[in-house]
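For reference, the chains in residue letters:
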Amino acid sequence: GIGAAGYAAASLLARRIPRSLLGPDRRAPLDLRSLGSGARDVVRDLAAGARRGRERRPAAAALGAIGAHRLGYGVMTITLMLLCRNYFTDPADVDAGLALLAQAITVTGLGIGAAALVTPPAARRLSTSGCLATGIALAAAIQLTLVISPTVPALFASAFLLGMTAQSVKICVDSVVQRSVDESFRGRVFALYDVIF
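Right, let's walk through the structure included here. All of these numbers come straight from a predicted model, not from anything done at the bench.

A word on the overall build of the protein chain. Check the secondary structure of the protein chain and you find seven helices and zero strands. In the protein chain, the succession of α and β elements from N to C terminus is α-α-α-α-α-α-α. Summarising its shape, the C-alpha atoms of the protein chain cover approximately 55 × 40 × 30 Å along the three principal directions. When each of the 197 residues of the protein chain is scored for burial, the buried share is 30%. Partitioning the intrachain contacts of the protein chain with sequence separation of at least 6 by distance along the chain shows that 72% fall at a separation of at least 24. Here the protein chain displays about 12500 Å² of accessible surface, and carbon together with sulfur accounts for 65% of that area.

See the structure below:
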């Protein structure tokens, strides 16, 4: 309910933005030709973002790190679902599996929120790249501890810490890309970043 109210409020506030500020500057008909032209523009801009990102070594390394990290995080998310559904609860009891999964996702969200508090001081102490590397290493170690000790408390601790490290890594990559890519290409590199993410 609270989430729905937030979305409703945001949509009402967005209605106050004049249509001319959101683009496009000209009205284009929606047909196959305009869709093809739009798709070509998107691909061209993503390719330009990739070229510029590759030219900026810190940005290229950060984008590679977030791509590898998100792949591992995706696998861990699927593992979390399977553990909640088939290992920690009776596979025949779907409601118990979903309830445990909902709790684990809530704990993950708390970890994501904690990252906003932990990452800035950690990045000041370790540097942004040091914080990024530490976050990825911690995520790997956390996954190993869940393999060694597959219990519900370990599941919740892992969910919290994986949420925190995942968001911390994202915050660090955001900072690296923001700092290392010039403003004229930043939007295109961030669009590529979103695709990788």
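On to the packing of aromatic side chains. Scanning the entire structure with this criterion turns up one aromatic pair. Centre to centre, the rings of Tyr87 and Phe88 are 5.0 Å apart; their planes meet at 85°, and the pair counts as edge-to-face.

On to the nonpolar core, then. Ranked by size, the top nonpolar core spans 18 residues in total, and within it Leu63, Leu132, Val173 and Val177 carry the most contacts. For this core, the elements supplying multiple residues, two or more each, are α3 (57–87), α4 (94–126), α5 (128–148), α6 (152–180) and α7 (183–196).

All chains considered together, the criterion is met by one salt bridge. Between Lys170 and Asp174 there is a salt bridge; the shortest N-O distance is 3.1 Å. Taken as a pair, Lys170 and Asp174 lie in helix α6 at a separation of four residues, close to a single helical turn. Owing to a relative accessible area of 22%, Lys170 belongs among the partly exposed residues under this scheme. Given the relative accessible area of 22%, Asp174 is considered partly exposed.

Another point: the side chain of Ser168. Along the chain, Ser168 falls in helix α6. Separated by 3.0 Å, the side chains of Ser168 and Thr119 make a polar contact. Leave out the neighbours within four places in its chain, and Ser168 touches Ala115, Thr119 and Cys131.

Moving on, we get to α5. Taking 1.5 Å of rise per residue, 21 residues should cover 30 Å, and α5 covers 30 Å from first to last C-alpha, within 8% of that figure. All of the buried residues in α5 are Thr128, Gly130, Cys131, Leu132, Gly135, Ala139, Ile142 and Leu146.

Its 31 residues place the ends of α3 43 Å apart at the C-alpha level, agreeing with the 45 Å of an ideal helix rising 1.5 Å per residue. Here α3 has its buried residues at Ala59, Ala62, Leu63, Ala65, Ile66, His69, Tyr73, Met76, Leu80, Leu83 and Cys84.

Running from amino to carboxyl end, α3 crosses α5 at an angle of 25°, the nearest separation of the two axes being 12 Å. Our classification of the angle between α3 and α5 gives roughly parallel. For the element pair α3 and α5, the recorded crossing hand is left-handed. Side by side, α3 and α5 meet where Ala65, His69, Gly72, Met76 and Leu83 of the first sit next to Leu132, Ile136, Ala139, Gln143 and Leu146 of the second. Taken together, the residues of the contact of α3 with α5 sort by class into seven nonpolar, three polar and no charged.

What follows covers the state of the cysteines. All told, the structure shown has zero disulfides when counted by the stated rule. For Cys172, which is in no disulfide, the shortest distance to another cysteine sulfur is to Cys131 and amounts to 3.6 Å. Given a relative accessible area of 1%, Cys172 falls into the buried group.

Conventions used here
- Think of each chain on its own: its residues are numbered from 1, step by step along the sequence as written.
- Predicted model: local features are reported for residues with pLDDT of at least 70 only, side-chain atom pairs are reported and counted for 80 or more only, and whole-chain, interface and lining totals are derived from all residues.
- Side-chain numbers come from the whole structure's heavy atoms, not from hydrogens or water.
- Helix numbers and strand numbers start at the N terminus; a helix is a DSSP run of H or I with at least 4 residues, a strand a run of E with at least 2.
- Exposed residues in this analysis have more than 50% of their type's maximum accessible area, buried residues have under 20%, and partly exposed residues fall in between, with area computed by a 1.4 Å probe over protein chains only.
- In this description, contact between two residues means that some pair of their heavy atoms is separated by no more than 4.5 Å.
- Residue burial considers only the protein chains on display, and all accessible areas are found by Shrake-Rupley using a 1.4 Å probe.
- To pair, rings of Phe, Tyr and Trp, with the six-membered ring standing in for Trp, must have centres within 6.5 Å; the planes then decide the type, stacked if under 30 degrees apart, edge-to-face if over 60, and tilted in the middle.
- Buried Ala, Val, Leu, Ile, Met, Phe, Trp, Tyr and Cys residues that are joined via side-chain atoms within 4.5 Å together make up what is termed a nonpolar core.
- What counts as a salt bridge is simple: a side-chain nitrogen of Lys or Arg found within 4 Å of a carboxyl oxygen of Asp or Glu.
- Here a polar contact is recorded for every N or O atom pair within 3.5 Å, except that within protein the pair must consist of a potential hydrogen donor and a potential acceptor, and residues adjacent in sequence are included only if both atoms are side-chain atoms.
- One fewer than the residue count of a helix, multiplied by 1.5 Å, yields its expected span.
- The angle between two axes is taken between their N-to-C directions and runs from 0 to 180 degrees, where each axis is a line fitted to C-alpha atoms and a helix contributes only its stretch in contact.
- In these notes the angle categories are as follows: under 35 degrees is roughly parallel, over 145 is roughly antiparallel, 65 to 115 is roughly perpendicular, and the rest is oblique.
- Crossing handedness: left-handed means the near helix sits turned counterclockwise from the far one by under a right angle, and right-handed means the same turn made clockwise.
- Under this grouping Gly is polar, as are all residues other than the nonpolar Ala, Val, Leu, Ile, Met, Phe, Trp, Tyr, Cys and Pro and the charged Asp, Glu, Lys and Arg.
- Cysteine sulfur atoms that pair up within 2.5 Å are treated as a disulfide.

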